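So you can see what is in the structure, the chains are spelled out below.
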Amino acid sequence: MSSTASSNTALINGFFEWFGELGLFSWQVLRAAVTPPFEFRELARQIDEIGSKSFPLVALAGAAIGAILALETRDSLVRFGASSLLPAAVVYSIIHEIGPVVTGLVVCGRVGAGIGAELGSMKVTEQIDAIEVSAVNPYRLLAATRILACILVLPLLTLAADFCGVVMAWVADAMVDPITFHQFIHNGFSVFGFSDFLPPTFKTAVFGLIIGLVACFQGMRTRGGTEGVGRTATNSVVLSSLFVILADVIMVKLIVMFFP
Amino acid sequence: MIENLEKTNGEPPVVLRGLHKSFGEQVVLNGIDLKVARGETLAVLGRSGTGKSVLLKIIIGIEKPDAGSVSIHGQEITGINLGKLNAIRRKMGFLFQQAALYDSLTVEENVAFPLKHNTNMPGSERQDRVEELLKSVGMEGDLKKMPSDISGGMQKRVGLARALALDPDILLLDEPTAGLDPITSGEIDELILKLQKEHAMASIVVTHDLQSAKTIAGRLALLHEGNVILEGTFADLEKSDDKFVTDFMRRDA
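Residues numbered from 1 in each chain as written. Chains lettered and ligands numbered in written order. Predicted model: local features only at pLDDT ≥ 70, side-chain atom pairs only at ≥ 80, totals over all residues. Heavy atoms only, no water.

Caption draft 1: Region of interest: the overall build of chain B. Helices and strands together make up the secondary structure of chain B, namely 10 helices and 10 strands. A compact globule built from 253 residues should have a C-alpha radius of gyration of about 18 Å, and chain B, at 18 Å, falls within 12% of that. Its C-alpha atoms give chain B principal-axis dimensions of roughly 55 × 40 × 40 Å. Relative to its 253 residues, chain B shows a buried fraction of 53%. Counting only contacts in chain B whose residues sit at least 6 apart along the sequence, the fraction spanning at least 24 positions is 67%. Of the roughly 11,200 Å² of accessible surface on chain B, a fraction of 47% belongs to carbon and sulfur atoms. Averaged over its 30 positive side-chain charges, chain B has a centre that lies 3 Å from the centre of its 37 negative ones. (Helix = DSSP H or I, 4+ residues; strand = E, 2+ residues; numbered from the N terminus. Rg over C-alpha atoms; globule rule 2.2 N^0.38 Å. Buried < 20%, exposed > 50% of the residue type's maximum accessible area, 1.4 Å probe, protein only. Contact = heavy atoms within 4.5 Å. Areas by Shrake-Rupley, 256 points an atom, 1.4 Å probe, with all protein chains shown as cover. Lys, Arg positive; Asp, Glu negative; His and termini not counted. Charge placed at Lys NZ, Arg CZ, Asp CG, Glu CD.)

Below, the structure written as structure tokens:
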């Protein structure tokens, strides 16, 4: 009984300790990010690494979701005799929710694991210490650049996922019931305003912040050799996915409140 | 001996007073006092896990002591802000036990790293400096190789070149010959001696290798249970009748 109580206490302590350390880490990264020298070259390299190398996977995921959504939705709408609403329903779903969330989760998997494992390996092989003894701030060089790259790149990747999703939804729809792309887009965006489009796309910048922050934090506190690096990669993906989903719930509520 | 150094050289570049460091219940350093003068090499010896590497990391500020002071060129570094600490670090070179080369950068990029981030040296001048440094450690033919493509001894040489990039006046070496064969160890020792003569730095070498310590260090400090139990020349160590010292010298400790 007492061992259960003490393990619960340790769990609660660990939970608060993790958030406390994350807070301190965030403060150090923020301070490093806003003070010169700025690492523009490293930032550009990270934008390329995170952005262009995630593009094929994000585009593929967006395309697959678009096609599936069109096929599945068609069945439901036909039952109610509302198949003409298909473009609007699919485009709305993709741009409002599925595109941003799929992009966030795909990037959690690819980039979260990548950053976590890379920084974790650097930590256990003392490369981060070597950066520090060279009088270079690792929070600026390694963490701030990666986090900022994630923030900048996520909305762009979301646009790519949305675009591929809409195109593949049209292809899937046109195979069953011929419709021109122009007509599909016209019908799809007929119920759309600019305010419907911007908040869901730009909320992914917050997903980027979460993915970059969690992966860099987990990476830079890695302990215990290769096993520790493996644990870091897994934890980076699991925690960033969890926080992205939680953040999405909160932001959907806020978007509904502020952009009704 | 410490007092003599102060008289002949003024304020020594490295002065440690009453350093304490624990990890949980384990006391690693329990009141360490050491001084190292310019041009002098101090070897820190001791069993594995006695805090020798931790001592070096405290001196360069990547570990914080629980108590005590670390004075570098007369400036206390415990508790100073990062900007001031980095200004001091630019005067120090550090060779890691496993060299800790950046594995995504080539040999020349590794050596150029401190120059690129701490100086305004133009590209061509920086390249000349990198080539000069790599030549001084006998690695002039391997500029474009990746760290994974060179041997452990070569990685140590590149690590040494990187440590010397900013022309430091304090050099900290963590197990420079660990994991190397006797011939390569001898070559690294010769290289360290040559570089010490050229740069007249204050050096602290952490090592298990008695032969290496005898070759490169003028003074030795033996750590045991968190304390310096003997400080002196290699001859002083050999003459000691302390059981731990004699066991250590016979490799029985």
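Resuming the write-up.
Caption draft 2: Layout of the interface of chain A and chain B. Facing the 15 residues of chain A at the interface are 20 residues of chain B. Together, the buried faces of chain A and chain B total about 1,500 Å²; carbon and sulfur atoms form 58% of this surface. Summed over the shared surface of chain A and chain B, the number is three salt bridges. The partner of Lys57(B) in a salt bridge is Glu126(A), and the shortest N-O contact between them spans 2.7 Å. Across the side of chain A that touches chain B, the residue classes tally to six nonpolar, four polar and five charged. (Buried area = accessible area lost by both parts, 1.4 Å probe. Salt bridge = Lys/Arg side-chain N within 4 Å of Asp/Glu carboxyl O. Nonpolar A, V, L, I, M, F, W, Y, C, P; charged D, E, K, R; others polar.)

Caption draft 3: Geometry of the nonpolar core. Membership of the largest hydrophobic core comes to 80 residues, with the highest contact counts inside it found for Leu55(B), Ile59(B), Ile72(B) and Leu172(B). Looking at which element gives the most residues to this core, the answer is helix 5 (residues 138-176) of chain A, with 11 residues. The contact partners of Ile59(B), leaving out residues within four places of it in the chain, are Val14(B), Leu16(B), Val70(B), Ile72(B), Ile77(B), Met92(B), Leu172(B) and Ile204(B). If you look at the next biggest cluster of nonpolar residues, it comprises 30 residues, including Val107(B), Leu133(B), Ala163(B) and Ile192(B). (Core = buried A, V, L, I, M, F, W, Y, C linked by side-chain atoms within 4.5 Å.)

Caption draft 4: Just unusual backbone geometry, in detail. Cis peptide bonds are those with omega within 30 degrees of zero, and the linkage from Pro36(A) to Pro37(A) qualifies with 0°. Considering the arrangement of structural elements, one finds Pro37(A) in the loop between helix 1 (2-34) and helix 2 (40-79). One non-glycine residue, Ala200(B), lies in positive phi territory at about 45°. As for its position among the elements, Ala200(B) is in the loop between helix 7 (182-199) and strand 8 (202-206). Under the relative-accessibility criterion, Ala200(B) is labelled partly exposed at 28%.

Caption draft 5: Spatial organisation of a nonpolar patch on the surface. Taken together, the side chains of Ile250(A), Leu254(A), Met257(A), Phe258(A) and Phe259(A) present a nonpolar region at the surface, about 530 Å² in accessible area. Examined against the element boundaries, Met257(A) turns out to sit in helix 9 (residues 225-258). (Patch = residues over 30% accessible without salt bridge, like charges linked within 9 Å, V, L, I, M, F, W, Y side chains within 5 Å.)

Caption draft 6: Summary view of the sheet that holds strand 2 (residues 26-36) of chain B. All names here are of chain B. A sheet is described by the order of its strands in space; here four strands give the open sequence 2-1-4-5, paired in antiparallel fashion. The outermost strands of the open sheet, each flanked by one partner alone, are strand 2 and strand 5 (75-76). Here five bridges tie strand 1 (residues 14-23) to strand 4 (residues 67-72), and the two strands are oriented antiparallel to one another. Bridge pairing in strand 4 links Val 15 to Ser 71. Helix 2 (residues 52-60) contacts strand 1, strand 2 and strand 4 of the sheet and is inclined by roughly 120° relative to strand 1. (Pairing = 2+ DSSP bridges. Axes fitted to C-alpha atoms, helices over the stretch in contact; angles between N-to-C directions.)

Caption draft 7: Local environment of the layout of surface pockets. Taken as a whole, the second largest pocket spans an internal volume of roughly 970 Å³. As for the second largest pocket, its lining consists of 35 residues, of which Glu42(A), Leu141(A), Phe113(B), Lys116(B) and His117(B) are closest to the centre. When residues of the lining of the second largest pocket are traced back to their parent elements, those giving at least two are helix 2, helix 3 (86-124), helix 4 (127-133) and helix 5 of chain A together with helix 3 (82-89), helix 4 (107-118) and helix 5 (123-136) of chain B. The biggest single contributor to the lining of the second largest pocket is helix 4 of chain B, with seven residues. Residues that form the lining of the second largest pocket fall into these classes: 12 nonpolar, 10 polar and 13 charged. (1 Å grid on protein atoms, 1.4 Å probe; cavity = no way out; pocket = protein on both sides within 12 Å on 5 of 7 lines; lining within 4 Å. Points joined across faces, edges and corners; volume = space filled by probe spheres on them.)

Caption draft 8: Region of interest: the pairing of strand 10 (residues 227-232) of chain B. Residue and element names in this part refer to chain B. Both strand 9 (residues 219-224) and strand 10 contribute to a ladder of five bridges, which runs antiparallel. Paired with Leu 220 across the strands is Gly 232, a residue of strand 10. Taken together, strand 9 and the strand that follows it, strand 10, pair antiparallel across an intervening segment of two residues, in which Glu 225 is found at a positive phi of about 50°.

Caption draft 9: Just helix 2 of chain A, in detail. All names here are of chain A. Between the first and last C-alpha of helix 2 there are 55 Å, a value that for 40 residues agrees with the 58 Å anticipated at 1.5 Å per step. Residue Phe 55 marks the point of greatest curvature in helix 2, where the axis turns by about 45°; the proline Pro 56 follows within four residues. Immediately downstream of helix 2, the backbone of Gly 81 shows phi near 65°, a positive value. (Expected span 1.5 Å × (residues − 1). Bend = angle between axes of the 7 residues up to and from the residue.)

Caption draft 10: Spotlight on the packing of helix 5 of chain A against helix 6 (residues 181-188) of chain A. All names here are of chain A. Across the interface, helix 5 lies against helix 6 with an axial gap of 10 Å and an inter-helix angle of 115°. Between helix 5 and helix 6 the crossing geometry is right-handed. Only Phe 181, Phe 184 and Ile 185 of helix 6 make contact with helix 5, whose side of the interface consists of Val 166, Val 167, Ala 169, Trp 170 and Asp 173. Classifying every residue of the contact of helix 5 with helix 6 gives seven nonpolar, no polar and one charged. (Left-handed = near helix turned anticlockwise from the far one by under 90°.)

Read these as geometric descriptors, not functional statements.
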